[in-house]
Amino acid sequence: MTSPVARPPLAVLTTRQITAVSVGVAVVLIGLKAFALGASGSVSILASLADSGLDLIASLATFYAVRWAARPHDATHRHGHGKAEAMAALVQAGLVFASAAFIGWEALMRIFDPYPVSGGSWAVGVVLISIVLTGGLVWLQTRALKASGSMAVSADRAHYAADLASSVVVLIGVVSGAYLGAPGLDAAAGLVVAVWLFWGALGVLREAGNQLLDREVPDADRIALTTAVLADPRVEGVHQLRTRMSGTRLLAQMHIDLDPALSFEASHTIVVEAERRILAAFPDAEVLIHADPRGARPAVPVSPWA
């Protein structure tokens, strides 16, 4: 028996708003950093500008992904469109990997051939504004994530959180290059940014891959599912529990053991009540429960992990 529940309208509204804000912030940062690069020639600023350019592409991907993922299931997508968020996260990871490679290469070239940093005051001002804007965006994304649980927003937040930290590194690089007469430190700061971005992209890739490959949800959620079902003493056991995520929606299926003497109608009622308890704990879940008479053997061999 299936009980599809659409994502709460508040969550949809929240993810749509925050993705629009993310696109706007990326556009503003690109303009500011392009100006700072022209004024300073800093490789740290170049690294940050390249990252912001990819941020814009990633934010646009997220912008459209959350709208696609929020669409209800249809005849061709019976489990909904939630994995669009994981696809957007993959796009983000790929873009960040490319950004990290470009920045790392440019930083290495500048380490061996240092380039003087000029216009330091403009560059420092732009980086400080970037830190404030990015920090505000990460704070808003954190609030939106608590309300929606959106994987796309989570990936976007992880990306901008890395940007926030990298901006601090960029600030150190610009200051050292412009005011301390050490342009090599500016290039080294760009290299640190590249390594930071690579590490962040790896985490996003892992999370997106887990969802696209239907990895089981954490043990705590599986325990919560079985606990909700076994709250009815008439349910004598749960087996063949399988779970996966599709965007923010939990998909779960399981078999439960019931007294063979129960009528079909009584068994049906027990299953419906079990689904309601699950939905109370996981409001966006889609649940399929099969009732087995106690002691019945499965018709086909099942995995020992089921």
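If you're wondering where the values come from, they're calculated on a predicted model, not measured in any experiment. (Residues numbered from 1 in each chain as written. Predicted model: local features only at pLDDT ≥ 70, side-chain atom pairs only at ≥ 80, totals over all residues. Heavy atoms only, no water.)

A separate point is the overall build of the chain. The helix and strand inventory of the chain stands at eight helices and three strands. Mapped in sequence order, the helices and strands of the chain form the string α-α-α-α-α-α-α-β-β-α-β. Burial statistics for the chain: of 306 residues in total, 45% are counted as buried. Looking at the chain alone, contacts between residues at least 24 apart form 75% of all its contacts between residues at least 6 apart. Accessible area of the chain: about 14800 Å², with a carbon and sulfur share of 68%. (Helix = DSSP H or I, 4+ residues; strand = E, 2+ residues; numbered from the N terminus. Buried < 20%, exposed > 50% of the residue type's maximum accessible area, 1.4 Å probe, protein only. Contact = heavy atoms within 4.5 Å. Areas by Shrake-Rupley, 256 points an atom, 1.4 Å probe, with all protein chains shown as cover.)

With that settled, consider the sheet that holds strand β3 (residues 286–293). In space, the three strands of this open sheet follow the order β1-β2-β3, with mixed pairing throughout. The open sheet terminates on both sides in strands that have one partner only, identified here as β1 (237–246) and β3. Looking at each pair of strands side by side, their axes are set apart by 10° on average, direction ignored. With eight bridges joining them, strand β2 (residues 249–258) and β3 adopt parallel strand pairing. Its bridge partner being in β3, Q253 is matched across the sheet by L288. (Pairing = 2+ DSSP bridges. Axes fitted to C-alpha atoms, helices over the stretch in contact; angles between N-to-C directions.)

This brings us to the nonpolar core. Residues L225, V229, M254, I256, I278 and I289 are the most contacted members of the largest nonpolar core, which totals 20 residues. Secondary structure elements with two or more residues in this core: α7 (219–230), β2, α8 (264–281) and β3. When neighbours within four sequence positions are excluded, I256 is seen to be in contact with V229, V235, G237, V238, V271, I289, H290, A291 and D292. By size, the runner-up hydrophobic cluster in this structure holds nine residues, among which are A26, L29, V153 and Y160. (Core = buried A, V, L, I, M, F, W, Y, C linked by side-chain atoms within 4.5 Å.)

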